[in-house]
Amino acid sequence: MRTETIKIAGMSCQHCENAVNNALKNLNGVSKVEVNLPDAYARVEFDERSISLKDLWAAIEEEGYKVQR
Ligand SMILES: [Cu+2]
């Protein structure tokens, strides 16, 4: 298991937080998601054998938010 904190730009309300949370937690290989709206980050626990950090970034960006790499 690996845990990463991903900085995200563009989340402005509860809807945004939920959208990011749902996008991440539905991914295969992700075991835990915590999205922090005021501090603009997501903390994700995932299994690197199933999914990569880049896949997490892509899922967030597909929802319309910007990942700060
Ligand atoms: Cu919003």
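Below or above, wherever it landed, is the structure these notes cover. (Residues numbered from 1 in each chain as written. Predicted model: local features only at pLDDT ≥ 70, side-chain atom pairs only at ≥ 80, totals over all residues.)

## Things to note about the pairing of strand β3 (residues 41-46)
To keep things clear, this is the line we draw: Residue burial here comes from a neighbour count, namely the number of other C-beta atoms, placed from the backbone, that lie within 10 Å of the residue's own C-beta, with 20 or more meaning buried, 12 or fewer meaning exposed, and in between meaning partly exposed. In this description a helix means any DSSP run of H or I spanning at least four residues, a strand means any run of E spanning at least two, and both kinds are numbered starting from the N terminus. Between any two strands, at least two bridges found by DSSP are needed for them to pair.
Burial along β3 is one-sided: A42, V44 and F46 are buried, while Y41, R43 and E45, pointing the other way, are not. Across six bridges, strand β1 (residues 2-9) lies against β3 in antiparallel orientation. What sits directly across from T3, in β3, is E45. Taken together, the six bridges between strand β2 (residues 30-36) and β3 define a ladder with antiparallel strand orientation. Counted as the bridge partner of N36 is Y41 from β3. Counting the residues between successive antiparallel strands, the hairpin from β2 to β3 contains four residues, one of them, A40, with a positive phi of roughly 60°.

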